[in-house]
Amino acid sequence: MLKDDLLAPLFAGLAPEHAEHVALWLGEVFGGPATYSATQGGHGHMVAKHFGKNISERQRRRWVDLIQDAADDAGLPTDAEFRSAFLAYVEWGTRLAVYFSGPDARPPAEQPVPRWGWGRCRPTRGDTGVSGSHRVTP
């Protein structure tokens, strides 16, 4: 993000641990341990990080593109079910970030970190015998 001309101003001056904190947040959102909440302060802390940033739609969309590239680089699953759930959360979360970064934003009431569901299709695990490892579960 720091090397991207559009996003660098938003990320300049952030702690070197920022990327790790984002990873902890995403892990918690997708059902992993509540490490972000325990070490950083939960949902209210994440929201507050965006106050006054005035994130533009162009910046939001660029971050969405780069986080998808980062998911590829990190070796996250590429099956349709996983990536559609991942992208749905990223779209939802970044639109909230834009709102909370704007001049009319008001801090929300304290609430837990959102837990993103998989909907009707869950990511596949292991060899399903189906090309591309895609499987729809009822």
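Quick look at the structure, then. (Residues numbered from 1 in each chain as written. Predicted model: local features only at pLDDT ≥ 70, side-chain atom pairs only at ≥ 80, totals over all residues. Heavy atoms only, no water.)

## A short note on the overall build of the chain
Piece 1. Looking only at helices and strands, the chain has 6 helices and 0 strands in total.
Piece 2. Reading the chain from its N end, one meets helices and strands in the order α-α-α-α-α-α.
Piece 3. Split into buried and exposed, the 138 residues of the chain put 30% on the buried side.
Piece 4. Of the contacts formed within the chain by residues at least 6 apart in sequence, a portion of 65% connects residues at least 24 apart.
Piece 5. With an accessible surface of roughly 8600 Å², the chain has 56% of that area assigned to carbon and sulfur atoms. (Helix = DSSP H or I, 4+ residues; strand = E, 2+ residues; numbered from the N terminus. Buried < 20%, exposed > 50% of the residue type's maximum accessible area, 1.4 Å probe, protein only. Contact = heavy atoms within 4.5 Å. Areas by Shrake-Rupley, 256 points an atom, 1.4 Å probe, with all protein chains shown as cover.)

## Observations concerning helix H6 (residues 80-101)
Piece 1. If you check H6, its first and last C-alpha atoms are 31 Å apart, about what 22 residues at 1.5 Å a residue would give, namely 32 Å.
Piece 2. Residues of H6 that are buried include every one of Glu 81, Phe 82, Arg 83, Ala 85, Phe 86, Tyr 89, Val 90, Gly 93, Thr 94, Ala 97, Phe 100 and Ser 101, and no others.
Piece 3. Those residues of H6 hidden inside the fold are in contact with helix H2 (18-29), helix H4 (43-48) and helix H5 (57-73). (Expected span 1.5 Å × (residues − 1).)

## Considering the pattern of salt bridges
Piece 1. Scanning the model with the defined rule gives 5 salt bridges in all.
Piece 2. Among the ionic pairs, Arg 95 bridges to Glu 91, the shortest N-O distance being 2.8 Å. In this pair, Arg 95 and Glu 91 both sit in helix H6, 4 residues apart, roughly one turn of the helix.
Piece 3. Ionic contacts of the salt-bridge type, sharing partners, join the residues Glu 57, Arg 60, Glu 91 and Arg 95 into one network. (Salt bridge = Lys/Arg side-chain N within 4 Å of Asp/Glu carboxyl O.)

## Concerning the packing of H5 against H6
Piece 1. Two elements in contact, H5 and H6, have axes whose closest approach is 10 Å; the angle formed by their N-to-C orientations is 150°. Classified by the angle between their axes, H5 and H6 sit roughly antiparallel to one another. You can see that H5 and H6 cross each other, and the crossing is right-handed. Between H5 and H6, the contacting residues are Glu 57, Arg 60, Trp 63, Val 64, Ile 67, Gln 68, Ala 71 and Asp 72 on the first element and Arg 83, Phe 86, Leu 87, Val 90, Glu 91, Thr 94, Arg 95 and Val 98 on the second.
Piece 2. Considered class by class, the residues forming the contact of H5 with H6 number 8 nonpolar, 2 polar and 6 charged. (Axes fitted to C-alpha atoms, helices over the stretch in contact; angles between N-to-C directions. Parallel < 35°, antiparallel > 145°, perpendicular 65-115°, else oblique. Left-handed = near helix turned anticlockwise from the far one by under 90°. Nonpolar A, V, L, I, M, F, W, Y, C, P; charged D, E, K, R; others polar.)

## Remarks on the environment of Gln 111
Piece 1. On the secondary structure map, Gln 111 appears in the segment after H6.
Piece 2. As a C-alpha pair, Gln 111 and Gly 44 span 67 residues in sequence and 7.2 Å in three-dimensional space.
Piece 3. In this structure the side chain of Gln 111 is engaged in a polar contact, spanning 3.2 Å, whose partner is the backbone oxygen of Ala 109. (Polar contact = N/O pair within 3.5 Å; in protein donor to acceptor, adjacent residues only side chain to side chain.)

## Details of the packing of aromatic side chains
The description of two aromatic rings rests on the distance between their centres and on the angle between their planes.
Piece 1. Tallying each qualifying case throughout the model produces 9 aromatic pairs.
Piece 2. Aromatic pair Phe 82 and Phe 86: ring centres 6.0 Å apart, planes at 15°, arrangement stacked. Remark: Phe 86 and Phe 82 occur in helix H6; sequence separation between them is 4 residues, near one turn of the helix.
Piece 3. An angle of 70° between the planes, with centres 5.3 Å apart, marks the rings of Tyr 89 and Trp 116 as edge-to-face. In this pair, Tyr 89 sits in helix H6 while Trp 116 sits in the segment after H6, placing the two residues 27 residues apart along the sequence.
Piece 4. Given the relative accessible area of 7%, Tyr 89 is considered buried. (Phe/Tyr/Trp six-rings, centres within 6.5 Å; stacked < 30°, edge-to-face > 60°.)

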